[in-house]
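Each chain is listed here by its residues.
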Amino acid sequence: MAYTIDKIRNVCLLGHGGEGKTSLAESLLYVTKAIDRLGKVADGTTVSDYDAEEVKRSISIQTALAPVEFGGNKINLLDAPGFFDFIGEVLEAERVCESAMIVTSAKGGVSVGAQKAWIRMKTAGKPTALYISKLDEEHADFYSTYEQAREIFGVSVCPVLIPILDGVKPVGVVNVVSKKAWKADGAKVTECPVPANLEDKVEEYRALLSENIAESDEELMEKFFGGEEFTDEEFLNGMRKAVITRSICPVFCGSAFTGAGSEALVRAIIDYMPSPADMPTDKAVEDGKDVDLTVDPSAPTCAFVFKTVADQYGRFSFFKVLGGKVTQDSSLVNTVSGTTEKIGRIYFVRGKKNTEVPEVCTGDIGAVAKLADTRTNDTLCAAGRNTVVKPISFPRTCYTQALLPKSKGAEDKIATGLARLHDEDPVFQNALNAETHQQTISGMGDIHLDVLSSKLKTKFGVEVELVAPRVAYREKIRKKVQAEGRHKKQSGGHGQYGHVKMEFEPNEEELDLVFEERVFGGSVPKNFFPAVEKGLRESIQRGVLAGYPVVNLKATLYDGSYHDVDSNELSFKMAARLAYKAGLPTANPVILEPYGNLKVYIPDEFMGDIIGDLNKRRGRVMGMSPAENNMQVVEAEVPMSEMHSYAIDLRSMTRGWGSFDIDFARYEETPPVVQAAIIEEAKALMEEEEDE
Ligand SMILES: Nc1nc2c(ncn2[C@@H]2O[C@H](COP(=O)(O)OP(=O)(O)OP(=O)(O)O)[C@@H](O)[C@H]2O)c(=O)[nH]1
Ligand SMILES: [Mg+2]
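Reading the values: rules and limits
Within each chain, residues carry numbers counting from 1 in the order of the written sequence. For naming, the first written chain is A and the first written ligand is 1, with later ones following in the order written. In view of the model being predicted, local features appear only for residues whose pLDDT reaches at least 70, and side-chain atom pairs are presented and counted only at 80 or more, with totals across whole chains, interfaces and linings using the full set of residues. Near, for a residue, is defined by distance from a backbone-placed C-beta atom to a molecule or strand, with 6 Å as the limit that must not be exceeded. Nonpolar residues are Ala, Val, Leu, Ile, Met, Phe, Trp, Tyr, Cys and Pro. Charged residues are Asp, Glu, Lys and Arg, and all others, Gly as well, are polar. For two strands to pair, DSSP has to find at least two bridges joining them. A helix here means a DSSP run of H or I that spans at least four residues, while a strand means a run of E at least two residues long, and both kinds are numbered starting from the N terminus. Comment: axis = line fitted to C-alpha atoms, over the contacting stretch for helices; angle = value between 0 and 180 degrees taken between N-to-C directions. All domain edges in this entry derive from an automatic or database-based domain assignment. Neighbour density around each residue's C-beta defines its exposure: 20 or more other C-beta atoms within 10 Å make it buried, 12 or fewer make it exposed, and counts between make it partly exposed, where C-beta atoms are placed from the backbone.

Colleague: Could you clarify how one ought to interpret the site of ligand 1 in this entry?
Modeller: In the vicinity of ligand 1 there are 23 residues, among which Gly-20, Thr-22, Ser-23, Ser-60 and Gly-82 approach most closely. By residue class, the composition of the shell around ligand 1 is eight nonpolar, nine polar and six charged.

Shown next as structure tokens:
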């Protein structure tokens, strides 16, 4: 069925991991009869958690689409993962929704994930509702959760659906706006009178709502202060307006297990949450100018690709239509890549199920298969329209592992697999580290990388192992020394002869080798100087302590000797190497380690722990200052070798609040204990390599 823009609601479900988003989506599909069996996350039978990785782990990993149809309306639920590692998927969902529903359970307080989602929605200026889940659980408490939310998020937070309890069991909900009540028993929902014991609550919350409605409408403000009641129509329109301006965050509730509140929630979303037509939408560049794009059914087609699913057969691109409509068997121009794309079959998607449709209208979300040159963040336009929607900006990765193939010769397969996976997950990055010669993969945490490696196996048939990456240490000398190298070989006809006297000294100015000569009287002929330099350049690739590249070195050739017949370039190269090997160990060498500039963002309460921990990591705290959203930023200089698992450790130290950025700053000398350990490790590694 095709819907007009005013009948569509794109709502993303956000919140902390495991708070019940996927189960809620399932319940809404069930009560609206889109599915005839209520699936369970634990059994891997839900519509949204259909991917093999999700079933295996019982968590959401990607954003799934779950369209709920009711009374001629369509709610596209975007069920986003809650686990912080999958923030990329969350950002994709947030971009195309007009409003968000933050799910937090009725037990244990407003979760960190819920609070972080709130901050993002506030920044994006998008209407937000709160759904208090799992009312059926023991010790669930709707009211204390709501009150805590109001304390944290402010007075916009007002209850709209409140629970009807039979003892402690949630059996239905009351809508305080419409003063209607429903009881639910699985998919069977019946309207009932508002229970007498809830009448006071209904009036109390209507008053809260009225106050917020009045604040966002002048006429209603006068009426409110004149003590007049709003008409039903005024109340409803006022509600919608106040939700759009974020003056009201409606609070809903229910149980995905008993179905209590589910149908009432569907009605409430349709009644109070905005349609794509109600919302100013995306920023875009149109014909080279920055514009605020309003969705317009009568405009030439414009669609934004916000998500891609990839497998060995190709890409499946999810798009939201921002202008006109996308029709089957048409062609659209990708305004980012410049390619004209053939749009073949298009689909509505529900979990893993695709239904072919002739068209997708403005405001709605669809998917198209096998576009040749279109990726997440691209815009597709009708010929003649030149709109580029502002791309979703993905976070920097914070956790890196080395990726080792389990079998030899799998490198090609790994590369193809990663390229495909990158199509659907633009957050992770992979690279070949030129210094350590390791293939590395970076993501948002250990589970993120574990899922990627697991997908490499299941989708692309190649097994990899993830290990801590090697650190790119360096070596340098701290003393000026002189050393000699003589290469001499007598064999049959021509012999080999080269002899150099070198001076090695530290040179803090320059990382790269500085080579000079001050040879008198031609003891080493000029034409051999390049060979000497070449020999040294090769030598410094392996330092004398642990085999790491040598930096900050100045080498001066000051004397030597040659032989008329036997001297050649190779001999002088060898002589230079011998001088290096003889000289550097005597020049007080030291191992350098990379240091980074770290910025950690945390709430104030964790300051002590974070600083204590940075000290343990040999970090130097340089300062603290307040940052956005009531956070503090701690700046520190830290050895990179101590930061490998920081993403995971910081998360556990701050209950998921903390985030950080780190950038390479410089090399610094390692303390003796650390150096001894590095040398020990290098030895073991070299022995291992020799064994192979
Ligand atoms: N008792 C009870 N348990 C629920 C309810 N909703 C969800 N759960 C359970 O809570 C756990 C997490 O539920 P999910 O629906 O996967 O939560 P989620 O928010 O989608 O989790 P992520 O997507 O991984 O962030 C599962 O074991 C569910 O069975 C509910 O209404 N009542
Ligand atoms: Mg989920």
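Colleague: Explain the sheet that holds strand 31 (residues 496–506) here, please?
Modeller: In spatial order, the strands read 30-31-33-32; together these four strands make up an open sheet with mixed pairing. Each of the sheet's edge strands pairs with one partner strand only, and the pair in question is strand 30 (481–489) and strand 32 (514–517). Across the sheet, the mean angle from the axis of one strand to that of its neighbour is 25 degrees, orientation sign disregarded. Here four bridges tie strand 32 to strand 33 (residues 553–561), and the two strands are oriented parallel to one another. Pairing of Glu-516 across the sheet is with Thr-556, part of strand 33.

Colleague: When you look at the domain arrangement of the chain in this model, what are you seeing that I'm missing?
Modeller: One frequently used descriptor of interface size is the decrease in accessible area upon assembly of the parts. By domain assignment, the chain separates into domain 1 (5–278), domain 2 (283–389), domain 3 (399–467), domain 4 (475–588) and domain 5 (593–674). Between the C-alpha centres of domain 2 and domain 5 the distance comes to 42 Å.

Colleague: Looking at this model, I keep getting lost on unusual backbone geometry. Mind explaining?
Modeller: A negative phi angle is the norm for most residues apart from glycine, just as the trans form is the norm for most peptide bonds. Backbone geometry places His-437, a non-glycine residue, at a positive phi of 60 degrees. In this structure, His-437 sits in the loop between strand 26 (429–432) and strand 27 (439–443). Judged by C-beta crowding, with 9 C-beta atoms within 10 Å, His-437 ranks as exposed. Although it is not a glycine, Arg-618 adopts a positive phi angle of roughly 65 degrees. Along the chain, Arg-618 falls in the loop between helix 14 (607–616) and strand 35 (620–627). Assessed through the 17 C-beta atoms surrounding it within 10 Å, Arg-618 is described here as partly exposed.

Colleague: What exactly am I supposed to notice about the sheet that holds strand 9 (residues 180–185) here?
Modeller: Whether parallel or antiparallel, the strands of a sheet pair through hydrogen bonds between backbone atoms. With antiparallel pairing, four strands are arranged side by side in an open sheet as 7-8-9-10. The sheet terminates laterally at strand 7 (161–166) and strand 10 (188–192), the two strands that pair on one side only. Strand-to-strand twist across the sheet, computed as the mean angle between neighbouring axes with direction ignored, equals 30 degrees. One ladder, built from six bridges, connects strand 7 with strand 8 (residues 169–175); its direction is antiparallel. Counted as the bridge partner of Ile-164 is Gly-172 from strand 8.

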